[in-house]
Amino acid sequence: MPRKNPESFLPLKSNWFQILVSLVDGEQHGYGIMQEVWERTDGKVRLWPATLYGSLKRLIDNGLIVESGERPAPEFDDSRRRYYKLTSLGKRVVDLESQRLRDLVRILDAKRRREARS
Amino acid sequence: MNNWLSGCNQIYRRLAHAFPHEFRMVCGDGLEQLGVDVIPLIWREQGVPGLLCCFADLALRLPLEYLSTWARKMRDITMTGDLFEGTWKAKNDESQWDPKYAPEQACMRFEATDDGYLLVAYGIKDGQAVAERPTRIIPDGRRRPIVDLNGRPVPGVPPGALTFGTQPDPHTIEASAEANGNVLGKGTYVVSADGQTLTVTTEGVGLKGPFKVHAVFERVVPDPFVPQS
């Protein structure tokens with residue numbers, strides 16, 4: 001399979017980025033991702049189920065995440081669920097998108113500082 | 001209210017279950033399971049507007065996923081630009097194999113070459129993986145000696161045996177082999193109008209005696225021999 005260039009995914013779709021950020025800590029299932037995004041964004045972003053699974057499917061198709069074969073410790077495991085985790089390509093894409101957003105914020109801050117001075 | 005929520009759950013499950021097979025292959029029953037967990041949660045946190053959004057999301061995504069699946073299949077099919085090229089898997093329930101040659105599983109692969117096709121047949125017979133010698137089909141009507149891919153004589157083929165192929169229309173290839181004016185074998189390969197079905201009719205004399213086969217194959221999508229992006 002030809003190796004994909006991580007840059008080619010940028011700018012990353014907002015839903016994809018939210019999901020990838022949820023997986024940075026480790027593997028997670030669909031419900032966990034949905035709740036994490038909801039709580040992290042103070043209820044501003046709700047990944048509805050079909051959108052969430054549509055995005056998960058496309059992230060898998062593009063090699064950014066994979067279904068994890070490993071299960072959490074039994075006391076934390078929910079056997080009904082599939083767990084997903086970042087691939088090395090997914091990690092690289094998250095890093096690049098974060099950098100892109102940081103650069104954007106830096107440019108915005110610089111403009112505001114210039115505006116304030118003038 | 002419990003009846004209301006269980007009704008919502010049922011509708012949700014039916015909608016989730018209607019998603020394309022390809023979608024469900026990747027996501028499993030995750031989408032259905034998620035509904036069981038989130039319907040009460042959404043009801044508690046967002047009430048009726050939340051549930052409406054949830055169902056609208058499902059209802060909008062459903063046709064989109066079918067469109068996406070269909071577009072992907074079309075892309076896979078049209079990627080080769082050739083009706084025959086690709087991998088085909090036999091549908092044994094629609095095929096009539098000669099008992100001497102009946103396989104448990106059979107596949108064919110057509111590779112386009114500069115002047116025709118390279119045909120490889122493989123499968124499982126009597127529990128063993130088997131593969132036939134790759135055959136070149138050059139459908140230009142010219143007779144050529146039957147040789148292997150390195151131009152050497154093929155064991156078991158009578159000296160002076162010739163092969164020739166024709167393509168009477170874009171959907172049909174005919175191939176024959178003969179020796180001293182006698183037909184050793186002939187085959188017809190016909191691809192359906194939608195490019196999804198290949199019907200193969202062959203007859204002749206093999207190592208185990210005469211044979212006659214009418215086999216129906218379906219295109220394998222995505223092609224396992226083509227790297228998927």
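A quick note: this is a predicted structure, and the numbers were derived from the prediction, not measured.

### Some details on unusual backbone geometry
Thought 1: Leu10(A) connects to Pro11(A) through a cis peptide bond whose omega is -10°.
Thought 2: By the element assignment, Pro11(A) lies in the segment before α1 (14–23).
Thought 3: Phi at Asp42(A) is positive, roughly 50°, even though this residue is not glycine.
Thought 4: On the basis of relative accessibility, which here comes to 65%, the residue Asp42(A) falls in the exposed class.
Thought 5: The phi dihedral of Asp126(B) falls on the positive side, at around 50°, and the residue is not glycine.
Thought 6: On the secondary structure map, Asp126(B) appears in the loop between β3 (117–125) and β4 (128–131).
Thought 7: Here Asp126(B) falls in the exposed class, since its relative accessible area comes to 60%.

### A look at the sheet that holds strand β3 (residues 83–86) of chain A
All names here are of chain A.
Thought 1: Taken together, the three strands give an open sheet; going across it, the order is β1-β3-β2, and neighbouring strands pair in antiparallel fashion. Two strands in the sheet have a free side with no partner beyond their single neighbour: β1 (28–29) and β2 (65–67).
Thought 2: Taken together, the two bridges between β1 and β3 define a ladder with antiparallel strand orientation. By the bridge assignment for β3, His29 is matched with Tyr83.

### Points about the interface of chain B and chain A
Thought 1: With 31 residues of chain B at the interface, the matching set in chain A holds 25 residues.
Thought 2: With both sides pooled, the region where chain B packs onto chain A buries about 2,400 Å², and carbon together with sulfur makes up 60% of that total.
Thought 3: When the buried surface of chain B facing chain A is broken down by residue, Val26(B), Leu34(B) and Asp57(B) rank first, second and third, together holding 21% of it.
Thought 4: Run the count over chain B and chain A and you get two salt bridges.
Thought 5: When the shortest N-O distance is used, the salt bridge between Glu65(B) and Arg58(A) registers 3.0 Å.
Thought 6: For the interface between chain B and chain A, the tally reads seven residue pairs in polar contact (both at pLDDT 80 or more).

### Points about α1(A)
Residues and elements named next belong to chain A.
Thought 1: Counting buried positions along α1 gives seven out of ten residues, so the element sits mostly inside the fold.
Thought 2: By the burial criterion, the buried members of α1 are Trp16, Phe17, Gln18, Ile19, Leu20, Ser22 and Leu23.
Thought 3: Its buried side turned inward, α1 meets β1, α2 (30–40), α3 (49–61), β2, β3 and α4 (88–117).

Conventions we followed
- Residues numbered from 1 in each chain as written.
- Chains lettered and ligands numbered in written order.
- Predicted model: local features only at pLDDT ≥ 70, side-chain atom pairs only at ≥ 80, totals over all residues.
- Heavy atoms only, no water.
- Helix = DSSP H or I, 4+ residues; strand = E, 2+ residues; numbered from the N terminus.
- Buried < 20%, exposed > 50% of the residue type's maximum accessible area, 1.4 Å probe, protein only.
- Pairing = 2+ DSSP bridges.
- Contact = heavy atoms within 4.5 Å.
- Buried area = accessible area lost by both parts, 1.4 Å probe.
- Salt bridge = Lys/Arg side-chain N within 4 Å of Asp/Glu carboxyl O.
- Polar contact = N/O pair within 3.5 Å; in protein donor to acceptor, adjacent residues only side chain to side chain.

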